[in-house]
Amino acid sequence: DVKVTQSSRYLVKRTGEKVFLECVQDMDHENMFWYRQDPGLGLRLIYFSYDVKMKEKGDIPEGYSVSREKKERFSLILESASTNQTSMYLCASSPARTGGRVVAKNIQYFGAGTRLSVL
Amino acid sequence: AQKITQTQPGMFVQEKEAVTLDCTYDTSDPSYGLFWYKQPSSGEMIFLIYQGSYDQQNATEGRYSLNFQKARKSANLVISASQLGDSAMYFCAMSPPQGAQKLVFGQGTRLTINP
């Protein structure tokens, strides 16, 4: 079974702190993603990575950065946490998309989430 | 840009009844994928079912089926014979034809199954 592990289920931090959220996958997937989940807004993509040391901004990258030094690990960094970053953070991974015109059934596998509170 | 809309914030259904969760999407791409995920209270997103835009038949996975109406741009999830364990948040999502298969998610529907 695919396993995506997020280092913490619950995290409480203070405004201005630097926060690291860690995600590890064990399926040798090329793609990794960080989403933020808020009530009524669904999941919104913060950043994703399609290879080691490669990253691309998602829809809401402001206030966040990421690091992918090893294939299995993708870190989300809040440089200076703010109260509006209180949220549920979900990490996901998926294999590289195969070639072709038709969209592949490229399932994303998710971790259990980290509920972050910034006080 | 792609967009997913789920218009039902919450649904309440009696156990053993069938339930339909609505999902409409908007895209100008002819090639795309549609996904449904379940999120129990534990928080983990669980993949349920997939439909490709060129698939001729509606997808089915056990008690789950996807009612895909391409012309109407809808991809409703149907759960037959609902069970108490089906109580959860359900998200519809879409992936584009190119790139690293980012997913665009809808707002979600909270389904509650009553005994």
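Criteria and cut-off values
- Residues numbered from 1 in each chain as written.
- Chains lettered and ligands numbered in written order.
- Predicted model: local features only at pLDDT ≥ 70, side-chain atom pairs only at ≥ 80, totals over all residues.
- Heavy atoms only, no water.
- Helix = DSSP H or I, 4+ residues; strand = E, 2+ residues; numbered from the N terminus.
- Rg over C-alpha atoms; globule rule 2.2 N^0.38 Å.
- Buried < 20%, exposed > 50% of the residue type's maximum accessible area, 1.4 Å probe, protein only.
- Pairing = 2+ DSSP bridges.
- Disulfide = S-S within 2.5 Å.
- Salt bridge = Lys/Arg side-chain N within 4 Å of Asp/Glu carboxyl O.
- Core = buried A, V, L, I, M, F, W, Y, C linked by side-chain atoms within 4.5 Å.
- Contact = heavy atoms within 4.5 Å.

> Can you explain the overall build of chain A? Please cite residues and give values.
The number of helices and strands found in chain A is zero helices and eleven strands. Overall, chain A shows an N-to-C arrangement of helices and strands of β-β-β-β-β-β-β-β-β-β-β. A compact globule built from 119 residues should have a C-alpha radius of gyration of about 14 Å, and chain A, at 14 Å, falls within 12% of that. Overall, the C-alpha framework of chain A stretches about 45 × 30 × 25 Å when taken along its three principal axes. Out of the 119 residues belonging to chain A, those deemed buried represent 48%.

> How would you summarise the pairing of strand β6 (residues 46-52) of chain B if you had to cite specific residues and measurements?
When you tally the buried positions in β6 of chain B, you get five out of seven residues, the bulk of the element. Counting the residues between successive antiparallel strands, the hairpin from strand β5 (residues 33-39) of chain B to β6 of chain B contains six residues, one of them, G43 of chain B, with a positive phi of roughly 105°.

> Talk me through the pairing of strand β6 (residues 54-57) of chain A; I want residue IDs and the actual numbers.
Of the strand pairs in this sheet, strand β5 (residues 42-51) of chain A and β6 of chain A are connected by three bridges, and their pairing is antiparallel. When the bridges of β6 of chain A are listed, F48 of chain A appears paired with E56 of chain A.

> Provide a residue-level description of the state of the cysteines, including the pertinent values.
Note: disulfide means a covalent bond formed between the sulfur atoms of two cysteine side chains. A complete count under the given rule lists two disulfides over all chains for this structure. The disulfide partner of C23 of chain A is C91 of chain A, and the gap between their sulfur atoms is 1.9 Å. Its S-S torsion of about -80° marks the bond between C23 of chain A and C91 of chain A as left-handed, since a negative value means left-handed. A residue pair is termed long-range when its members are at least 10 positions apart, and C23 of chain A in strand β3 (residues 19-25) and C91 of chain A in strand β9 (residues 87-94) qualify at 68 residues. Neither residue differs from the other here; C23 of chain A and C91 of chain A are each classed as buried. The residue that forms a disulfide with C23 of chain B is C92 of chain B, at a sulfur-sulfur distance of 2.0 Å. The sign of the S-S torsion, about -60°, decides the handedness of the disulfide formed by C23 of chain B and C92 of chain B: left-handed. Of this pair, C23 of chain B sits in the loop between β3 (19-21) and β4 (24-26) while C92 of chain B sits in strand β10 (residues 88-95), and the two are 69 residues apart along the sequence. Residue C23 of chain B is classed as buried on the basis of its relative accessible area of 0%.

> Describe in detail the pattern of salt bridges, supporting the description with residues and values.
Applying the stated criterion to the full structure yields nine salt bridges over all chains. Residue R73 of chain A pairs with E22 of chain A through a salt bridge whose shortest N-O separation is 4.0 Å. You can see R73 of chain A sitting in strand β8 (residues 73-78) and its partner E22 of chain A sitting in strand β3, a full 51 residues away along the chain. Overall, the relative accessible area of 38% leaves R73 of chain A in the partly exposed class. Owing to a relative accessible area of 22%, E22 of chain A belongs among the partly exposed residues under this scheme. Between D86 of chain B and R63 of chain B there is a salt bridge, with its nearest N and O atoms 2.8 Å apart. One end of the pair, D86 of chain B, is in the loop between β9 (74-79) and β10; the other, R63 of chain B, is in the loop between β7 (60-61) and β8 (64-69), with 23 residues separating them in the sequence. Since its relative accessible area comes to 2%, D86 of chain B is described here as buried. Residues joined by salt bridges that share partners form a network here, namely D28, E30 and K71 of chain A.

> Can you tell me about the nonpolar core, naming the residues and giving the values?
Y25, L34, W36, I49, L77, Y90 and L111 of chain B are the most contacted members of the largest nonpolar core, which has 25 residues in total. Of all the elements in the fold, those that place two or more residues in this core are β2 (10-14), β3, β5, β6, β8, β9, β10 and β12 (109-114) of chain B. Top contributing element to this core by residue count: β10 of chain B, with four residues. Sequence-distant contacts of Y90 of chain B, defined by excluding residues within four places in its chain, comprise Q6, L21, W36, Y37, K38, L48, L77, I79, G108, T109 and L111 of chain B. Counting residues in hydrophobic clusters, the runner-up holds 20 residues, among them C23, I46, Y64 and F74 of chain A.

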